[in-house]
Every structure is written in structure tokens, then in C-alpha cells.
Amino acid sequence: MQTNVTPLRWSGARPEGALELIDQRLIPIEETWIPCATYEEVAQAITDMVVRGAPAIGITAAYGAAIGARDGHPREVVLARLADTRPTAVNLFWAISRMRARWERAEADGEDLVATLFAEADAIRDEDLAANLAMGRAGAELLEQGARVLTHCNTGGLATAGYGTALGVLRAAHAEGKLAKVWIDETRPYLQGARLTAWECLADGLEATLITDSMAAHFMQRGEVDAVIVGADRIGANGHVANKIGTYGLAVLCAHHGIPFYVAAPTTTLDPEITEGHQIPIEQRSASEVTTVRGQRIAPEGIDVAHPAFDVTPPELVTAIVTERGVARPPYGASLAAALTPS
Ligand code: MRU
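Worth saying up front: this structure is predicted, and the values here are computed from it rather than measured.

### Here's the deal with the site of the ligand
Argument step 1. Lining the immediate environment of the ligand, one finds 18 residues, of which Arg52, Arg86, Asp233, Asn243 and Lys244 sit closest.
Argument step 2. Arg86 places a side-chain nitrogen or oxygen 2.8 Å from an oxygen atom of the ligand.
Argument step 3. Between the ligand and the protein, one listed contact pairs an oxygen atom with a side-chain N or O atom of Asp233 at 2.8 Å.
Argument step 4. Protein chains bury 99% of the 410 Å² of accessible surface belonging to the ligand in isolation.
Argument step 5. Broken down by secondary-structure element, the contributors of at least two residues to the shell around the ligand are α2 (54-70) and β9 (241-244).
Argument step 6. Class assignment for the residues of the shell around the ligand results in seven nonpolar, seven polar and four charged.
Argument step 7. Here the shell around the ligand spans two domains, since at least three of its residues come from each of domain 1 (8-132) and domain 2 (142-340).

### A word on the pattern of salt bridges
Argument step 1. This structure, assessed with the given rule, holds 24 salt bridges.
Argument step 2. A salt bridge links Glu120 to Arg102, with the nearest nitrogen and oxygen atoms 3.8 Å apart. Here Arg102 lies in helix α4 (residues 90-109) and Glu120 lies in helix α5 (residues 113-140), a separation of 18 residues in the sequence. Taken individually, Glu120 and Arg102 each receive the classification buried, so the pair is uniform in this respect.
Argument step 3. Among the salt bridges present, the one from Arg285 reaches Glu283, with a minimum N-O distance of 2.8 Å.
Argument step 4. You can call Arg285 buried: its relative accessible area is 17%.
Argument step 5. Since its relative accessible area comes to 7%, Glu283 is described here as buried.

### Observations regarding the packing of aromatic side chains
Argument step 1. Applying the stated criterion across every chain yields a total of two aromatic pairs.
Argument step 2. Sitting over the face of the ring of Trp183, Lys181 holds its NZ or CZ atom 4.3 Å from the ring centroid.
Argument step 3. A cation over a ring is seen here: Lys244 above Phe310, with NZ or CZ 4.2 Å from the ring centre.

### Concerning the nonpolar core
Argument step 1. Leu21, Leu82 and Trp103 are the most contacted members of the largest nonpolar core, which totals 39 residues.
Argument step 2. For this core, the elements supplying multiple residues, two or more each, are β2 (18-22), α1 (39-47), α2, α3 (75-83), α4 and α5.
Argument step 3. Among the elements that make up this core, the one with the highest residue count is α2 (11 residues).
Argument step 4. The contact partners of Trp103, leaving out residues within four places of it in the chain, are Ala65, Gly68, Ala69, His73, Pro74, Arg75, Val78, Leu79, Leu113 and Leu117.
Argument step 5. Of all hydrophobic cores here, the second largest spans 27 residues; its members include Ala232, Val241, Val318 and Ile321.

### Quick word on the domain arrangement of the protein chain
Argument step 1. The assigned domain composition of the protein chain is domain 1 (8-132) and domain 2 (142-340).
Argument step 2. At the junction of the two partners, domain 1 supplies 30 residues and domain 2 supplies 33 residues.
Argument step 3. Counting the surface domain 1 buries against domain 2, the share from its top three residues, Arg52, Thr88 and Asn132, is 24%.
Argument step 4. Close ionic contact of Glu283 with Arg86 constitutes a salt bridge, the shortest N to O distance being 2.8 Å.
Argument step 5. In this structure, the connection of domain 1 to domain 2 is made through 17 residue pairs in polar contact (both at pLDDT 80 or more).

### Topic: the packing of α1 against α3
Argument step 1. Two numbers describe how α1 lies on α3: the axes approach to 9 Å, and their chain directions differ by 15°. Judged on the interaxial angle alone, α3 and α1 are roughly parallel. Taken as a pair, α1 and α3 cross one another with a handedness that is right-handed. Together, Tyr39, Glu40, Val42, Ala43 and Gln44 of α1 and Val77, Val78, Arg81 and Leu82 of α3 make up the contact between the two elements.
Argument step 2. Partitioning the contact of α1 with α3 into residue classes produces six nonpolar, one polar and two charged.

Procedures and definitions
- Residues numbered from 1 in each chain as written.
- Predicted model: local features only at pLDDT ≥ 70, side-chain atom pairs only at ≥ 80, totals over all residues.
- Heavy atoms only, no water.
- Near = heavy atom within 4 Å.
- Polar contact = N/O pair within 3.5 Å; in protein donor to acceptor, adjacent residues only side chain to side chain.
- Areas by Shrake-Rupley, 256 points an atom, 1.4 Å probe, with all protein chains shown as cover.
- Helix = DSSP H or I, 4+ residues; strand = E, 2+ residues; numbered from the N terminus.
- Nonpolar A, V, L, I, M, F, W, Y, C, P; charged D, E, K, R; others polar.
- Domains from an automatic or database assignment.
- Salt bridge = Lys/Arg side-chain N within 4 Å of Asp/Glu carboxyl O.
- Buried < 20%, exposed > 50% of the residue type's maximum accessible area, 1.4 Å probe, protein only.
- Phe/Tyr/Trp six-rings, centres within 6.5 Å; stacked < 30°, edge-to-face > 60°.
- Lys NZ or Arg CZ within 6 Å of the ring centre and 35° of its normal.
- Core = buried A, V, L, I, M, F, W, Y, C linked by side-chain atoms within 4.5 Å.
- Contact = heavy atoms within 4.5 Å.
- Buried area = accessible area lost by both parts, 1.4 Å probe.
- Axes fitted to C-alpha atoms, helices over the stretch in contact; angles between N-to-C directions.
- Parallel < 35°, antiparallel > 145°, perpendicular 65-115°, else oblique.
- Left-handed = near helix turned anticlockwise from the far one by under 90°.

Below you can see the structure in the form of C-alpha cells.
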């Protein structure tokens, strides 16, 4: 089973050289790697969605911190710039906090700062891959033999260190021979489903059908969807799930049709500070991502546009949350707290 779809790599001999990111804006038309030689270039690439997906932007920011240290920039300047890129995915802030702690300790202990920070970024990347593989094993057990499963956005190797969260669960179910079909929501307006998830499913030989977001209800009504599984950008202490815009609508549809609605996310996506859904900051992106497709205008000049990039699904609509530490069930206050407590 393919685990080597990864959004980032290093070019040159470290610590020289640059972080390279596969330009996710161009997939599947082109596979182009963009070099980021400075922490500023790393930050801009996150904002511009060269790289996207909650775990992937956290890992990318970790390497950005190491690059900033290598180039002699002050710690808090570097970390503040990396934090000021995208507001919703808590994995970004988790990775920045972890890099800050390691940076401070390396300075206090007189360690080789640059080598230490690159090693920490490598560890964050490797732990994410391991978490995805563990989620795959745990999540596949939730699915019935012959399951036809709908997913939203891209939660695969491109969105993580490799393998994926929700798509990792589907990869694991496919490997076990129990997955009959993936329904891929195209995921308007950024089309992560149509462009990225479709590309990953084809590469791995998963049986998959692409639909527009508005078709999901129709196929549920016809009994052709057995489960929905999505990733997350931030999950509050009580199980509020922020994920790609359109996720909440899917959860409502699942409740209406009696279909299980699963979330797969590593514990780095849990935010114990959040107790209510409205506390999660929702990124508002540009109107042009709604009014144009690949630079081609599809709406009249002058129309008012809204573009919240994420929505929040309340815990009562979530059947279970898969983390690398197992499957959390309601009530999430207790089960997610247990997932955050190392055994
Ligand atoms: O705006 P994006 O593409 O960064 O949004 C990504 C998502 O919403 C994913 O579902 C989420 O980050 C989980 S990725 C493993």
C-alpha cells in the first residue's frame, strides 16, 4: 500500500538547501516542487495553500522554524510569522509551540540549535506518519465489509506526512479488502476532493467515484452511502469538529439518513482549550476563490461573496472520532481527555 505521497521534501545537504513543497494548487495537472529557502517563503507557501491540510501545515511550519534558526533570525519573530498564516488548523499552533519549547531548551542547554530544530521537525513528521498508520488500523475496524464511504476535502498523504487521516482509514480498509467504494465530494470552492483526493485514490487503485457536493444527499437517499469519514482541522474538548466547509452539511445529512459520521484526526488536532464550537476561529478566504476556477471568472463582477473555509460540526452529530490512540465515542469530554492522556 502506497504511503509515500508526501507534500514536502528537502533539497540539498542540510542545513543548507531548501524545503521543497509539492504545489498542491496545480495537482493533478502538474507536479511541480516549489523551493522555500527562507522561513518567510515557508510562511507564504502556507498562506497561499501551496501546502494545505492540518497536519501538513504543522510539519511545514516546523521546518520553517528550523530554517529561521539556521538563518539567524530571532525566535519569536520567526514563530510569530509562521503562526500568522492560517488560523483554523490547531496542528499549526501545536507544532509552533513544540518548536518554541525545543528552541528555548536548546538555547538554555547550549545544544547545536540548528541540528536540534531540524531533528525536532523530523520527529514531528515521523510521528504524524506513525499516527496515520495507527488511525488506519483503528478506523478500518469501524467499516463493514463492502462499505461504500463518502469523504470530503483531501485528508491523504498530501495533507499529512503521508498515508492520511480519513483517507488513511480508507487506504487501510482497501488493503483489508473491505472497501467497495469511495465517494469523493469535489469540495467547493477549492476542489481538494476533485483535484487531490481523486488523484490519490487513482494512484492507489481505490475504487472511487467523484461527485459534486450537492449530490451527496441524493446518493444517501438511494442507500448508496454506508458511512462518511472526514478529517479535522481542530477538535474541541467536547467534540466540536472544525473541518472543510461542507462537512457540517454532510453530518446533518448523515443524521437524517441514519448513516454513521466518523472523524479521523491525530491527537495533534485536539484543542482542549475549546469548549464551544463558536470559539474556533474560522478562516475567511478570498472572494476570488469562489468567483473564479483556475483563473476563469464564473460569477459576475461586483457580486458580494462569502468564503468561510471551514465549518463546525457539533458533537451530537459525530458517531466516533478516530485518533492514533483508538476510537473515541460520546461523551467526548471524557473520551477525548483520555486520548490526550498518554498511557
Ligand atoms: O483548507 P485546507 O485544504 O487546508 O483544509 C483541509 C481540511 O479541511 C482537511 O479535511 C483537514 O485539514 C484534515 S487533513 C488530514
